[in-house]
Amino acid sequence: MWLFLMLIILLTNGMSSFGLKVLPTWGFSSSITYAYLTVWYAAGLVCIGAPMLFKGLKGGLKEMWLGAVLAALSIGGQLAMANALQAGLPGNVVFPVTVGGSILIVAVAGRLFFGEKMHPLSWVGVVAGCLAVVLLSVS
Amino acid sequence: MRDGMLMCICGAVSFGLLATVSKIAERKKCDASALTVGVFAWAALFMLGQSIRVAGKFQMTWPVILLAVGLGVCAAVAYFAFQTSIARGKVTIGWLMMNLSAGVPAIVSIWFYGEKLTVFRSAAFGLAFISLLCLFQGHRLEAQAKSGGEVG
């Protein structure tokens, strides 16, 4: 099951941001970005929310307020990256620092706050993965 | 330049906290689908507000709507899978996988737009492959050790 979830993440998450690369090639200006992202988020909401409705499942208050915190962090991260680029920092610095830094923070938090111990082979995988992400950002 | 670097660090902290708060939500026994709905509902509301504030209207063409729907579904499925996976595995590996997935559009770009396969990209794909092998094998060994410990 875990392996299956990892493969789903691998195949879907990267593709989800592909649209922002496609829009300029279709001749759309950046002014359409917010409208595009509104539909993008709304589609995701319906995709997960509709099956919940059919099953009669309801979300609680903790999911709503933690959802608000997560949405704020996601939007905050995107805006910080956009501002860094606008401040004149090149993309090959902004993306590796942001992505690599976030992985480092999660690895430290996982170890310190959640007591996650990893096999040495997994650590090799994390280091190789971080390098791959940084190289992908640079290229 | 200093402001730009500060913004970069803010971005890293925001994304790092995003994964950390997701793990806190899992520890608080939050339902993964309800949490995903919460995240996407708040973000859609914010984007709608921004869209109306910046452009003064909400206008889209059908191809853009179809693109947004298809890829928005991908994003929701990815976050739902991430939230479900951290109940069974490590948050670090889940988050790394979220970021490694950037390789997929890079492959699509090479195939679709005829972009060049540079030395950097080749090295990145090679490292990503090694990383995936190590992570999957590491997870298998951890599971084996855990079940061995439980039996013993």
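Before reading on, note that the structure itself is shown above.
Here the structure is a predicted model, which is why all the values come from computation and not from measurement. (Residues numbered from 1 in each chain as written. Chains lettered and ligands numbered in written order. Predicted model: local features only at pLDDT ≥ 70, side-chain atom pairs only at ≥ 80, totals over all residues.)

**Structural notes on the overall build of chain B**
So, step 1. The helix and strand inventory of chain B stands at 6 helices and 0 strands.
So, step 2. Starting at the N terminus, the α and β elements of chain B follow one another as α-α-α-α-α-α.
So, step 3. In terms of overall size, chain B is more extended than a compact globule, its C-alpha atoms giving a radius of gyration of 20 Å where 152 residues would be expected to give roughly 15 Å.
So, step 4. Projected onto the principal axes, the alpha-carbon positions of chain B cover approximately 65 × 45 × 40 Å.
So, step 5. Burial statistics for chain B: of 152 residues in total, 49% are counted as buried.
So, step 6. Of all intrachain contacts in chain B linking residues separated by at least 6 positions in sequence, the fraction that spans at least 24 positions is 67%. (Helix = DSSP H or I, 4+ residues; strand = E, 2+ residues; numbered from the N terminus. Rg over C-alpha atoms; globule rule 2.2 N^0.38 Å. Buried ≥ 20, exposed ≤ 12 C-beta atoms within 10 Å, placed from the backbone. Contact = placed C-beta atoms within 7 Å.)

**A short note on the overall build of chain A**
So, step 1. Along chain A, the regular secondary structure elements total 6 helices and 0 strands.
So, step 2. For a compact globule of 139 residues, the expected C-alpha radius of gyration is about 14 Å, and chain A comes in at 18 Å, more than 25% above that figure.
So, step 3. The C-alpha extent of chain A, read off along each of the three principal axes, is 45 × 45 × 25 Å.
So, step 4. The buried share of chain A, reckoned over its 139 residues, is 46%.

**Side note on helix H4 (residues 91–100) of chain B**
So, step 1. Among the 10 residues of H4 of chain B, 10 are classified as buried, and the element is accordingly described as predominantly covered.
So, step 2. Among the residues of H4 of chain B, those classed as buried are Val 91, Thr 92, Ile 93, Gly 94, Trp 95, Leu 96, Met 97, Met 98, Asn 99 and Leu 100 of chain B.

**Some thoughts on the interface of chain A and chain B**
So, step 1. Every contact between the two is made by 91 residues of chain A and, on the other side, 102 residues of chain B.
So, step 2. For the side of chain A that touches chain B, the secondary-structure elements that each account for two or more residues are helix H1 (2–16), helix H2 (19–25), helix H3 (33–55), helix H4 (61–86), helix H5 (91–112) and helix H6 (120–138) of chain A.
So, step 3. Counting residues per element, the side of chain A that touches chain B draws most heavily on H4 of chain A, at 18 residues.
So, step 4. Classifying every residue of the side of chain A that touches chain B by side-chain character gives 61 nonpolar, 26 polar and 4 charged. (Nonpolar A, V, L, I, M, F, W, Y, C, P; charged D, E, K, R; others polar.)

**Some details on the nonpolar core**
The nonpolar side chains of a soluble globular protein tend to be buried, and buried together.
So, step 1. Residues Ile 9, Trp 40, Tyr 41, Ala 132 and Val 133 of chain A together with Phe 40 and Ala 78 of chain B are the most contacted members of the largest nonpolar core, which totals 90 residues.
So, step 2. With 12 residues, helix H3 (residues 62–85) of chain B is the single largest residue contributor to this core. (Core = buried A, V, L, I, M, F, W, Y, C linked by C-beta atoms within 7 Å.)

**Things to note about unusual backbone geometry**
So, step 1. Phi angles above zero are rare outside glycine, and Lys 29 of chain B is one such case at about 60°.
So, step 2. Take Lys 29 of chain B: it is sitting in the loop between helix H1 (2–27) and helix H2 (32–55).

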